[in-house]
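# Chain and residue survey
What follows is each chain in one-letter form.
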Amino acid sequence: GMRGADERILALSYPWIGSARTAIANRQIHPQAHLIWAHVSKILLYYVMYEACQAAWSVVLYAKSIPEALPVWIYGLAMILEYFSMVFVRSAMSAHFFPRISLLYFLAYHLYFYSVPY
């Protein structure tokens, strides 16, 4: 194989990880494990913040009688769409249309949700 191809592919695919790994490797101040643990900690912190926002906004948005797991499914779908866009939405056209179509589906569901008595 080609030397350093894995690092270049990682840097091109995920610049926020690849450039940080390259800078750490060039400076040789901290081991690579510090970067990995920092990202794991950041993901854990974002997950806790996500769950707190989900609990707070569920009270505001879904105050009427609903199935118990409905907010979890809606926030889960939003999280899946976010990860899908982060990994697969690469072209200019998909970056232009994917968020708009996702928002339209989200708004259409909520218009239906609030217009139908439950």
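So, here is what we can say about the structure in this document. (Residues numbered from 1 in each chain as written. Predicted model: local features only at pLDDT ≥ 70, side-chain atom pairs only at ≥ 80, totals over all residues. Heavy atoms only, no water.)

Unoccupied space between atoms shows up once a probe the size of one water molecule is rolled over them. One number sums up the size of the largest pocket: a volume of about 470 Å³. What lines the largest pocket is simply Trp16, Ile17, His39, Lys42, Ile43, Tyr46, Tyr47, Tyr50, Met79, Glu82, Tyr83 and Met86. Elements with a contribution of two residues or more to the lining of the largest pocket: α2 (15-27), α3 (32-61) and α4 (70-88). Residue contributions to the lining of the largest pocket peak at six residues, all from α3. Taken together, the residues of the lining of the largest pocket break down into nine nonpolar, one polar and two charged. When its volume is computed, the second largest pocket comes out at roughly 300 Å³. (1 Å grid on protein atoms, 1.4 Å probe; cavity = no way out; pocket = protein on both sides within 12 Å on 5 of 7 lines; lining within 4 Å. Points joined across faces, edges and corners; volume = space filled by probe spheres on them. Helix = DSSP H or I, 4+ residues; strand = E, 2+ residues; numbered from the N terminus. Nonpolar A, V, L, I, M, F, W, Y, C, P; charged D, E, K, R; others polar.)

Quick look at the environment of Arg27 now. Locating Arg27 in the fold gives a position in helix α2. Sequence separation between Arg27 and Val40 is 13 residues; the distance between their C-alpha atoms is 22 Å.

The next point concerns the packing of aromatic side chains. Per the counting criterion, the structure on display carries five aromatic pairs. Measuring from ring centre to ring centre gives 6.4 Å for Tyr50 and Tyr75, while their planes differ by 90°; the resulting arrangement is edge-to-face. With a gap of 25 residues between them, Tyr50 in helix α3 and Tyr75 in helix α4 connect regions that are remote in the sequence. Overall, Tyr50 belongs to the partly exposed group, its relative accessible area being 23%. Three or more aromatic residues joined by ring pairs make a cluster, and in this case those are Phe84, Phe88 and Phe98. (Phe/Tyr/Trp six-rings, centres within 6.5 Å; stacked < 30°, edge-to-face > 60°. Buried < 20%, exposed > 50% of the residue type's maximum accessible area, 1.4 Å probe, protein only.)

As a further point, take the side chain of Gln54. Mapped onto the fold, Gln54 is located in helix α3. Judged by its relative accessible area of 9%, Gln54 falls in the buried class. Aside from chain neighbours lying at most four places away, what touches Gln54 is Pro71, Val72 and Tyr75. (Contact = heavy atoms within 4.5 Å.)

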